[in-house]
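Structure assessment
Letter by letter, the chains look like this.
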2 protein chains.
Amino acid sequence: MSVTAARGFLASGVAAGIKESGDRDLALVVNRGPSRAAAGVFTSNRVQAAPVRWSRRALEDGRISAVVLNSGGANACTGEAGAVDARLMAEHTARVVDVDPDEVAVCSTGLIGVRLPMDRVMAGIGVAGDLLSSQGGEDAAVAIKTTDSVHKTAVVSGPGWTVGGMAKGAGMLAPGLATMLVVLTTDADVSAAVLDPTLRTAVGTTFDRVDSDGCMSTNDTVLLLASGASGVVPDPEEFTEAVHAVCLDLARQLVADAEGASKEIEVTVVGAASEQDAVEVGRSVARNNLLKCALHGEDPNWGRVLSAIGTTSAAFDPDRLDVAINDIWVCRNGAAGESRDKVDLSGRRVTVTVDLRSGESSAAIWTNDLTAEYVHENSAYSS
Amino acid sequence: MSVTAARGFLASGVAAGIKESGDRDLALVVNRGPSRAAAGVFTSNRVQAAPVRWSRRALEDGRISAVVLNSGGANACTGEAGAVDARLMAEHTARVVDVDPDEVAVCSTGLIGVRLPMDRVMAGIGVAGDLLSSQGGEDAAVAIKTTDSVHKTAVVSGPGWTVGGMAKGAGMLAPGLATMLVVLTTDADVSAAVLDPTLRTAVGTTFDRVDSDGCMSTNDTVLLLASGASGVVPDPEEFTEAVHAVCLDLARQLVADAEGASKEIEVTVVGAASEQDAVEVGRSVARNNLLKCALHGEDPNWGRVLSAIGTTSAAFDPDRLDVAINDIWVCRNGAAGESRDKVDLSGRRVTVTVDLRSGESSAAIWTNDLTAEYVHENSAYSS
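Thresholds applied
- Residues numbered from 1 in each chain as written.
- Chains lettered and ligands numbered in written order.
- Predicted model: local features only at pLDDT ≥ 70, side-chain atom pairs only at ≥ 80, totals over all residues.
- Heavy atoms only, no water.
- Buried < 20%, exposed > 50% of the residue type's maximum accessible area, 1.4 Å probe, protein only.
- Helix = DSSP H or I, 4+ residues; strand = E, 2+ residues; numbered from the N terminus.
- Contact = heavy atoms within 4.5 Å.
- Salt bridge = Lys/Arg side-chain N within 4 Å of Asp/Glu carboxyl O.
- Pairing = 2+ DSSP bridges.
- Axes fitted to C-alpha atoms, helices over the stretch in contact; angles between N-to-C directions.
- Arc of directions from axis to C-beta.
- Least-squares fit on C-alpha atoms with pLDDT ≥ 70 in both.
- pLDDT = per-residue confidence, 0-100.
- Buried area = accessible area lost by both parts, 1.4 Å probe.
- Polar contact = N/O pair within 3.5 Å; in protein donor to acceptor, adjacent residues only side chain to side chain.
- Nonpolar A, V, L, I, M, F, W, Y, C, P; charged D, E, K, R; others polar.
- Core = buried A, V, L, I, M, F, W, Y, C linked by side-chain atoms within 4.5 Å.

Looking at helix H9 (residues 302-309) of chain A
All names here are of chain A. Counting buried positions over the eight residues of H9 gives eight, a clear majority of the element. Regarding H9, the residues found buried are Trp302, Gly303, Arg304, Val305, Leu306, Ser307, Ala308 and Ile309. Buried-residue contacts for H9 involve helix H7 (275-286), helix H8 (289-296), strand S11 (322-325), strand S12 (328-332), strand S13 (335-336) and strand S14 (349-355).

Next up, the structure:
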């Protein structure tokens, strides 16, 4: 049910002809209210696509009535012309769904540095407007796919209200290709002032902890729109948990669908002096190409884990580091522990646990292995 | 001629049986003086192998008489037992070549977390001592190879003196597998107080700027030994230039021989507000897996370059970035420039030039493409 699981929302997804394949490539999500409260989190990359720049401004007043999304082109690094294109998309969407252009967010994903075929985009927005429906969530989720093998949706319900959403991509700070786009909707009655910290907290421990390949997109966007159509003001804790649960579900789906990956790897750091230390170590381990290759080869090469830990500024004693791979503590006190032969890496899911033995904090980072298929997909992308 | 090009040095390389292949795996380099001045640069990884810890201490007085090196095992993450092994290697070498153990540096490379076969190592040191020769430089260079396809040596001569050296590996902060080890020798009469800053400066703009895969070893070591056997005190500027030239030559050989690579990529950043900015941007671009895949696929995907620049803290305006690939300025002012079709990426050497248009500083980083062969070599390494 995706973005139309919550009441008050319409959506659609059409084939506008932006993708050469003829697949669906343009989606609309419209909030029919009564509330139009919204929050958003955008890429921290300093090179930001035109639609990100537009949407940031549109969100400044905490109010979004519609989102237009396209795959097949990122509209990033397209200069002043690209900025005009993003504005035209917002303005045309505003006309089609009868709202103010400043209440329209724009999300694009695809190849960087190429202008969008604006005639097709504009025509597609018109068609998508005609097809808007309270059953359109799945079509919208399909239309934002790029190299995704499946479309990704999630729904969590509370007492009298619902949070739903859709996502595309294979990472946040680490998209396998192009970008992560996420639109979440809820019919709970929540103000923008509450939505913003709720979304930031949820993203910070879900999408932000996905690190498929360490690369950061120019287009990453996560939006949360609240229609208030349920008429229910949710319990803050329950609502926060629901938003977190939907984000976590979608984040896991991104890792599961990462391009060319054969393993889903969860790096958990425990015993850290601070959460920041835990995240730094987790990210360093998750980004280590040598470890990612070793795990692809089903080799429990814990030396690569220690090398990665050693590049961080986290608090630890090199002679008191413990590392488990799939729960076998192959490294104890910075040296060989239990036999590597005990580690079974034949499954798709792999856990790497690092105990820094320096405190009580912990964090998990999700990543993938590095495979020949990843190289192939990413060497044959734009050409 | 390697480490024996300079007068006053003996070397040898033997097959001690550490490697299962039966290839040479143990080398000695001995400084017969009259001077024993030395300098060293070691990995900045906080997880440091036992031989690195030993050699750091041995170098504290600026005096090294002999170096024992082995391939086939890194003696890293081997705990207290590994520390004893490194000490035993130094002590036995000291007996064999008749010097003080505190004047012996130890270098190891190979798999992390596994004890060395000390009976074979000790016997090998004895044999290597018997074979020491002023012609032994090539044998020593061969004996320190791991996955290197060729052994690497370089020699530069000044008026009356010589600087020579050997290297193994495929990077410094970025070894493709295991480690970079480098031993440089000179017969110039130079004190440790001069050798140290000379070596650090040379390493900082050569080996430190090789970034094959962003991974940092536990064992990286660069040593410079001066025998003074020429009796010539060199012109400081000429000597600095010679050491830099040997380091640059060896660094280039490391990039050319990186495991599984099909492209040698030079990332040059110009127009930077500071050299630090230029290095940060160069390293971010050089480490971007998506770009490395694209260049492997001979795709001039400059959007990946901009994405990588955007993750740095360097001074730049996203709308004033220029990028050239093989001298074609495919990105101007943060958007498409000359046609991508003009870029010929069929050759092995690729240049990526970034103009930040924010100052006068520049830096170059050397890296490789990401290939299916890299994945294969690194997924099948320890098992």
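With respect to the pattern of salt bridges
Using the criterion set out here, one finds 36 salt bridges over all chains in the structure. Taking the shortest distance from any N to any O, the salt bridge between Lys263 of chain A and Glu298 of chain A comes out at 2.8 Å. Of the two residues, Lys263 of chain A sits in the loop between helix H6 (236-256) and strand S10 (264-272) while Glu298 of chain A sits in the loop between H8 and H9, which places them 35 residues apart along the sequence. Relative accessible area serves as the criterion here: at 3%, Lys263 of chain A is assigned to the buried category. We classify Glu298 of chain A as partly exposed; its relative accessible area is 38%. The partner of Asp85 of chain B in a salt bridge is Arg115 of chain B, and the shortest N-O contact between them spans 2.7 Å. Highlighted residues: Asp85 of chain B in helix H2 (residues 79-97) and Arg115 of chain B in the loop between strand S5 (104-108) and helix H3 (118-130), separated in sequence by 30 residues. Several salt bridges converge on common partners, so that one network encompasses Asp148, Lys152 and Asp257 of chain A.

A word on the sheet that holds strand S9 (residues 221-226) of chain A
Residue and element names in this part refer to chain A. Taken in spatial order, the five strands of this open sheet run S3-S9-S8-S7-S6, and their pairing is mixed. The sheet terminates laterally at strand S3 (37-42) and strand S6 (152-158), the two strands that pair on one side only. Across the sheet, the mean angle separating the axes of adjacent strands is 10° when strand polarity is ignored. Relative to S9, S3 runs antiparallel, the two being bridged by six bridges.

A look at helix H10 (residues 372-379) of chain B
Among the residues of H10 of chain B, those classed as buried are Tyr374, Val375, Asn378 and Ser379 of chain B. One side of H10 of chain B carries all its buried residues, which in axial view fall inside an arc of 120°. Buried residues in H10 of chain B make contact with H8 and helix H10 (372-379) of chain A.

Some details on the sheet that holds strand S11 (residues 322-325) of chain B
Residues and elements named next belong to chain B. Taken in spatial order, the six strands line up as S13-S12-S11-S14-S10-S15 in an open sheet, and their pairing is mixed. Strand pairing shows two members of the sheet lacking a second neighbour, strand S13 (335-336) and strand S15 (361-368), which therefore form its edges. In terms of strand pairing, strand S10 (residues 264-272) meets S15 through seven bridges, oriented antiparallel. Opposite Glu264, over in S15, you have Asn368 as the bridge partner. Here helix H6 (residues 236-256) sits on the sheet and contacts S10, strand S14 (349-355) and S15; the angle it forms with S15, its principal contact strand, is near 40°.

Considerations on the relation of the copies chain B and chain A
Structural alignment of chain B on chain A gives an RMSD of 0.0 Å, achieved by rotating through 180° and translating 0.0 Å along the axis. The relationship between the two copies is best expressed as a two-fold rotation axis. Looking at the rotation axis and the C-alpha trace of chain B, the residue lying nearest is Ala372 of chain B, at 2.1 Å. When the interface residues of chain B are mapped onto chain A, 100% of them again lie at the interface, so the same face is used by both copies.

Some points on the confidence of the model for chain A
This prediction gives chain A a mean pLDDT of 91; 95% of its residues lie at or above 70. Note on the complex model: pTM 0.83, ipTM 0.80.

What to know about the interface of chain B and chain A
Between chain B and chain A, the contact holds 56 residues from the first and 56 residues from the second. Between chain B and chain A the total buried area reaches about 4,100 Å² when both faces are included, carbon and sulfur atoms providing 56% of it. For the interface between chain B and chain A, the tally reads two salt bridges. For Asp319 of chain A, the salt bridge goes to Arg53 of chain B, with nearest N and O atoms at 3.2 Å. Inspection of the chain B/chain A interface yields 13 residue pairs in polar contact (both at pLDDT 80 or more). Contributions of two or more residues to the side of chain B that touches chain A are made by helix H8 (289-296), helix H9 (302-309), S13 and H10 of chain B. Per-class residue counts for the side of chain B that touches chain A are 25 nonpolar, 24 polar and seven charged.

Remarks on the environment of Ser346 of chain B
Residue and element names in this part refer to chain B. With respect to the helices and strands, Ser346 occurs in the loop between S13 and S14. Remark: the alpha-carbon pair of Ser346 and Gly359, spanning 13 residues in sequence, is separated by 33 Å. Discounting chain neighbours no more than four positions away, the residues touching Ser346 are Lys263 and Glu298. A distance of 2.7 Å separates a polar atom in the side chain of Ser346 from a polar atom in the side chain of Asp344.

A few points about the nonpolar core
By size, the foremost hydrophobic cluster in this structure holds 88 residues, and its most contacted members are Ile309 and Leu356 of chain A together with Val29, Val67 and Leu69 of chain B. Other than its neighbours up to four places away in sequence, Val67 of chain B contacts Ala27, Leu28, Val29, Ala105, Cys107, Val183, Leu223 and Leu225 of chain B. Within the second largest apolar cluster, 87 residues are counted, among which are Ala6, Cys107 and Ile125 of chain A together with Leu356 of chain B.

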